[in-house]
Amino acid sequence: MQEQKLSWWQALGVYLKPRVMAMFFLGFSSGLPYLLVFSTLSAWLRDYGASRTVIGFFAWVGIIFSFKFILAPIIDSLPVPYLTRWLGKRRSWMLVAQAGLVGGLLYMSHLNPQMSLLPVALSSLWVALCSASQDVVIDAYRIEAVDKELQGAMAANYVFGYRVAVLISGAGALLIADNASWAVSYTTMAALMAVGIVTTFLIAEPDHSKVKKQAEEFQHEWVDKVLGSGEHGPFKEWLVRAVACPFLEFFQRNGRFSFVLLLFISIYLLSDIVMGIMANPFYLDLGFTKTDIAEIGKVFGFFCTIIGAYLGGLLVVKYGIMRPLILGAILLSVANLLFAHLAQVGPSRAWLAVVISADNISGGISNAVFIAYMSSLTNQAYTATQYALFSSLMKLPGKIIAGFSGVVVDAQGYSHFFVYSATLGIPAVLLAAYLWHRSRGEEESEPAAG
């Protein structure tokens, strides 16, 4: 079958599709709560005199986001009483998570950390739990709502909305707190969750009928294999159907090649994650002011990220996923080399702008394309659980290796560190090229098999 070639204007037109446009608002809803239980919360606690030790303990709230793969089977398999029949599988859970976020943020807005630190901690955990749940169900909706070729555009709009929300819940929340109060700030953030709630009511539920029967047959087969024939306890059966089957399906569908795919997911962003933790210390040590970092690194970098994300989505529509995936991996490594060059040049605002633009555009492209790629690996019968596994895995090795980044900088300096981090991207480039070559071989063999 001949691949249809789209013009650039036709490719750009995907951003006008209603479901693609809706992802901006869902991305906004997903990004808004994140900083409200991290850096914004830390500023609130410090403003009320909490010790640095106490603030440090609040970082553990973020552990919840690392366990999305535990929440996902519940969201994938259990209906919400009354709501699922009315709104459908995805929108019902979306609404529950958003309502939980509104309630949690409103409750936090009435608290005083000096008088009620434990309620602040418990409500922060609740907000983080609802936020992680919302992330899981929005990811599932994004994958199920459109075809594979539109996933890059969906990811780009999601990233745009998420970044705007992070800007509002970070800088915006601080400005409101400074000019009014923390109570007004958190109440405003709770009100802004209406963006996600309204979107949930306006969007259409994806069609699950095509995969429902297939999933039921697969689950029945594995329940018998794992538990044996006869009567089983309902909880045991649920564990096999909801928890084990998504992973079993992935490994059965891909065979031994599953391990190659999981390896690729775990190393694709490796160079970017390892470099990222040293970026701000690097700017300061090189002699840039905090104003330089804010203006160029944050504000200018924000727009570069959005440009990169939209370009990544456009490339997926125009060329498919695999070739832009290789490009993204190459760009991430090259951006690290530019940081190494900046370490030699010194505190030049012009070079900082060049490096920031290259880093953020390449990051935007690679993230949008990589999200589209991981989405393409899921089976829509188990979207939430399989994607939660991928998204949890994609940052784990990078975070572990990043823990040693300071040791490398102290021993050999920033220039060598950025060169080393660039080389960490080479396996991802080679593996992406291999996956592209393999996918081309599969495409060419399909007509012959038919």
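Computed from a predicted model, the values in this text were never measured in an experiment.

A. Up close: the environment of Val195. With respect to the helices and strands, Val195 occurs in helix α11 (residues 194-202). Expressed as a C-alpha distance, the spacing of Val195 and Phe28, which sit 167 residues apart in the sequence, is 7.7 Å. Ignoring sequence-local partners within four residues, the contact set of Val195 consists of Phe25 and Phe28.

B. Spotlight on the packing of aromatic side chains. By the definition in use, this model includes 31 aromatic pairs. Ring geometry for Tyr34 versus Phe38: centroids 4.7 Å apart, planes at 35°, classification tilted. Feature note: the residues Phe282, Tyr283, Phe339, Tyr414, Phe417 and Phe418 constitute an aromatic cluster, connected by ring pairs. A cation over an aromatic ring shows up here: Arg142 above the ring of Tyr387, its NZ or CZ 5.0 Å from the ring centre.

C. Representation of helix α18 (residues 322-345) in the model. With 24 residues, α18 should reach 34 Å at 1.5 Å per residue; the first-to-last C-alpha distance of 35 Å fits that figure. Where α18 ends, the next residue or the one after it, Gly346, has phi of about 100°, a positive value.

D. Geometry of the side chain of Asp359. Within the element layout of this structure, Asp359 appears in helix α19 (residues 349-376). Each residue touching Asp359, except ones within four places of it in the same chain, is listed here: Asp272, Met275, Ala335 and Phe339.

E. Spatial organisation of the nonpolar core. With 67 residues, the main nonpolar core has Phe264, Ile265, Tyr268, Leu325, Phe370 and Tyr373 as its most contacted residues. At eight residues, the largest contribution of residues to this core is made by α19. What Phe264 contacts, discounting residues up to four positions off in sequence, is Leu325, Phe370, Tyr373, Ala428, Leu431, Ala432 and Leu435. By size, the runner-up hydrophobic cluster in this structure holds 35 residues, among which are Trp44, Ile55, Phe58 and Trp182.

F. The packing of helix α2 (residues 18-31) against helix α9 (residues 151-179), seen in detail. One can describe the packing of α2 onto α9 by two numbers: an axis separation of 6 Å at closest approach and a directional angle of 35°. As for how α2 packs across α9, the hand of that crossing is right-handed. Counted together, Arg19, Val20, Met21, Met23, Phe24, Gly27, Phe28, Ser30 and Gly31 of α2 and Ala153, Met154, Asn157, Tyr158, Phe160, Gly161, Tyr162, Val164, Ala165, Val166, Ile168 and Ser169 of α9 form the full contact between these two elements. Within the contact of α2 with α9, the residues separate by chemical class into 14 nonpolar, six polar and one charged.

G. Quick peek at the pattern of salt bridges. Scanning the entire structure with this criterion turns up eight salt bridges. The closest approach of N and O atoms between Glu205 and Arg91, which form a salt bridge, is 4.0 Å. Of this pair, Glu205 sits in the loop between α11 and α12 (209-227) while Arg91 sits in helix α7 (residues 89-109), and the two are 114 residues apart along the sequence. Here Arg349 and Glu295 are joined by a salt bridge, their closest N and O atoms 3.4 Å apart. With Arg349 in helix α19 and Glu295 in helix α17 (residues 290-319), the pair connects residues that are 54 residues apart, well separated along the chain. A relative accessible area of 41% places Arg349 in the partly exposed class. Within this structure, Asp76, Arg90 and Glu144 form a network of salt bridges that share partners.

H. Spotlight on a nonpolar patch on the surface. Residues Phe57, Trp60, Ile63, Phe67, Phe69 and Ile70 make up a contiguous nonpolar surface patch of about 620 Å² in total accessible area. Here Ile63 shows up in the loop between α4 (52-57) and α5 (68-77).

I. How the structure looks around the confidence of the model for the protein. Here the protein shows a mean pLDDT of 87. Residues at 70 or above account for 94%. Model confidence for the protein, summarised as mean pLDDT per element, is weakest for helix α1 (residues 8-12) at 69 and strongest for α11 at 97.

J. Geometry of the environment of Met189. With respect to the element layout, Met189 can be found in helix α10 (residues 182-192). Looking at Met189, the relative accessible area reads 1%, which means it is buried. Spatially, the C-alpha atoms of Met189 and Ser169 are 7.0 Å apart, while their sequence positions differ by 20 residues. Among residues more than four places away in sequence, those in contact with Met189 are Leu32, Leu36, Leu105, Ile168, Ser169, Ala173 and Ile176.

K. How the structure looks around α9. Look at α9: 41 Å from first C-alpha to last across 29 residues, which is about the 42 Å you get at 1.5 Å a residue. Within α9, the axis deviates most sharply at Gly172, by approximately 35°.

L. Here's a closer look at the environment of Ser133. Mapped onto the fold, Ser133 is located in helix α8 (residues 117-145). Setting aside residues up to four positions removed in sequence, Ser133 forms contacts with Leu71, Ile75 and Ala97.

Definitions and cut-offs
- In every chain, residue numbers begin from 1 and rise along the written sequence.
- The predicted origin of the model limits local features to residues at a pLDDT of at least 70 and limits the giving and counting of side-chain atom pairs to 80 or more, whereas totals for whole chains, interfaces and linings rest on all residues.
- Note: side-chain values were computed over all heavy atoms of the structure, leaving out hydrogens and water.
- Secondary structure elements follow DSSP: runs of H or I no shorter than four residues count as helices, runs of E no shorter than two count as strands, and numbering proceeds from the N terminus.
- Any two residues having at least one pair of non-hydrogen atoms within 4.5 Å are treated as being in contact.
- Stacked, tilted and edge-to-face are the three classes applied to pairs of Phe, Tyr and Trp rings, where Trp contributes its six-membered ring and a pair requires centres within 6.5 Å; stacked means planes under 30 degrees apart, edge-to-face means over 60, and tilted covers the rest.
- A ring is considered to have a charge above it if a Lys NZ or an Arg CZ atom is located within 6 Å of its centre and within 35 degrees of its normal.
- An expected span of 1.5 Å times one less than the residue number is assigned to each helix.
- Residues belong to a common nonpolar core when they are buried Ala, Val, Leu, Ile, Met, Phe, Trp, Tyr or Cys residues joined through side-chain atoms within 4.5 Å.
- For every residue, the accessible area (1.4 Å probe, protein chains only) is compared with the maximum for its type, and the residue is labelled buried under 20%, exposed over 50%, or partly exposed between those bounds.
- In this analysis an axis means a line fitted to C-alpha atoms, helices contributing only their contacting stretch, and an angle means the value between N-to-C directions, from 0 to 180 degrees.
- Crossing handedness is defined as follows: a turn of the near helix away from the far one that is anticlockwise and smaller than a right angle gives a left-handed crossing, while the clockwise case is right-handed.
- Asp, Glu, Lys and Arg are counted as charged, while Ala, Val, Leu, Ile, Met, Phe, Trp, Tyr, Cys and Pro are counted as nonpolar; the rest, among them Gly, fall into the polar class.
- Salt-bridge detection follows one rule: a side-chain nitrogen of Lys or Arg within 4 Å of a carboxyl oxygen of Asp or Glu.
- Every patch collects residues that have over 30% relative accessible area and no salt bridge, joining them within 9 Å if they carry like charges and within 5 Å if they are nonpolar side chains (Val, Leu, Ile, Met, Phe, Trp, Tyr).
- All accessibility values rest on the Shrake-Rupley procedure with a 1.4 Å probe; residue burial counts only the protein chains present in the view.
- A residue's pLDDT is the confidence the predictor assigns to it, expressed on a 0 to 100 scale.
- Two axes define the bend at a residue: one fitted to the seven residues ending there, one fitted to the seven starting there, and the bend is the angle between them.

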